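Given next are the chains, with one letter for each unit.
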Amino acid sequence: MEGVANQNGAHLFTGYQNKRGNWMEQMRGSLMVVATVIASVTFQIAINPPGGVWQENTDSAQGCPKNETCNAGTSVLAASEKLKYEAFILLCTISFSASSTIILLLISGLEIASRAVKMGSAHKSNNLARVRS
């Protein structure tokens, strides 16, 4: 009976490892989707900023801050709230860069789990088989 228990125990553990490996691939896919959405949203924000852009060159009589000329294509928010706009664009740039980096790493085939973790789990399964036998 002990031999059967050992085989079943080892089978359960290897089954767990197989499910865990599948979980890692699902995590890779989910991470790719999230990184793609973040990159898309932050790129769209940079192209079409909140508040829109000036459609033509304007001066203070048409809504631009006093003693300034707002050029066509520049952000309306940048003219009225310069510090907040710069912080907003900085955060969008960081988000875009981070998500683009994650996408490139995932496409290149970088493993999510390190080899040390895999070797540690293989070592544990060997020890588990020895203890039960």
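Thresholds, definitions, all that
Residues numbered from 1 in each chain as written. Predicted model: local features only at pLDDT ≥ 70, side-chain atom pairs only at ≥ 80, totals over all residues. Heavy atoms only, no water. Helix = DSSP H or I, 4+ residues; strand = E, 2+ residues; numbered from the N terminus. Buried < 20%, exposed > 50% of the residue type's maximum accessible area, 1.4 Å probe, protein only. Contact = heavy atoms within 4.5 Å. pLDDT = per-residue confidence, 0-100.

## Comments concerning the overall build of the protein
Consideration 1: The secondary structure content of the protein amounts to four helices and zero strands.
Consideration 2: Secondary structure elements in the protein, listed N-terminal to C-terminal, are α-α-α-α.
Consideration 3: Relative to its 133 residues, the protein shows a buried fraction of 17%.
Consideration 4: Once local pairs closer than 6 in sequence are excluded, the contacts in the protein between residues at least 24 apart make up 56%.

## Some thoughts on the confidence of the model for the protein
Consideration 1: Of all residues in the protein, 68% attain a pLDDT of 70 or more, and the chain-wide mean is 77.
Consideration 2: Mean pLDDT across the elements of the protein bottoms out in helix H4 (residues 115-132) (54) and peaks in helix H3 (residues 82-108) (93).
Consideration 3: Under a pLDDT of 50 for its full length, residues 1-5 has, in the predicted model, one contact with residues more than four places off or in other chains.

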